[in-house]
Amino acid sequence: MRIAFIGIGLMGLPMAKRLCEAGLQPHVWNRTRAKAEPLAALGAQVHDTLAEAVHQADVVVTMLEDGKVVESVLFADGLAQALQSGSLLIDMSSIQPAQARSHGQQLAALGVGYLDAP
């Protein structure tokens, strides 16, 4: 199973680290690459672009700052368009329920599953 983790900040770093410790070798991306670099020593693949990080991912986990950032990363920055049909996006960011429902509907139209898991 190929897992991508998007958002390596205060909460995302320890979560991605746990995936590494479990031997899952996640593909990671952060707007500030330097925040993701420590994960490389643990087996993560650090990517320069969202598209590279989620390429052929079965599961993508997002842990981003807020709803505006999630919206931007998903749709303006191209994450949603880079996902393969049949994949699952798990959003662990704290966002408004209406935003989560909207994201789920938009992703469903692309054939992508969605789980809101703040």
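As a reminder, the structure under discussion sits directly above these lines.
All values reported here derive from a predicted model rather than from experimental measurement.

Colleague: Which parts of the structure should I look at to understand helix α6 (residues 97-108)?
Modeller: Every α-helix winds through 3.6 residues per turn, so residues three or four apart in the chain are directed the same way. End to end, α6 covers 16 Å across twelve residues, agreeing with the expected 16 Å (1.5 Å per residue, within 8%). Listing the buried residues of α6 in full gives Ala100, His103, Gly104 and Leu107. Take α6 and look down its axis: the buried residues cluster within an arc of 100°, on one side only. Away from the buried face of α6 by more than 90 degrees, exposed residues Arg101 and Gln105 are located. Considering only its buried residues, α6 is in contact with α4 (67-76), α5 (79-82), β5 (88-91) and β6 (113-116).

Colleague: Got a minute to help me understand the pairing of strand β4 (residues 59-62) in this structure?
Modeller: Every regular strand shows the same layout, with side chains that alternate between the two sheet faces. The side-chain alternation of β4 yields two buried faces, one formed by Val59 and Val61 and the other by Val60 and Thr62. Across four bridges, strand β1 (residues 3-6) lies against β4 in parallel orientation. Bridging from a neighbouring strand, Ile3 pairs with Val59 of β4.

About the cut-offs
- Residues numbered from 1 in each chain as written.
- Predicted model: local features only at pLDDT ≥ 70, side-chain atom pairs only at ≥ 80, totals over all residues.
- Heavy atoms only, no water.
- Helix = DSSP H or I, 4+ residues; strand = E, 2+ residues; numbered from the N terminus.
- Expected span 1.5 Å × (residues − 1).
- Buried < 20%, exposed > 50% of the residue type's maximum accessible area, 1.4 Å probe, protein only.
- Arc of directions from axis to C-beta.
- Contact = heavy atoms within 4.5 Å.
- Pairing = 2+ DSSP bridges.

What is shown is where atoms sit, not what they do.
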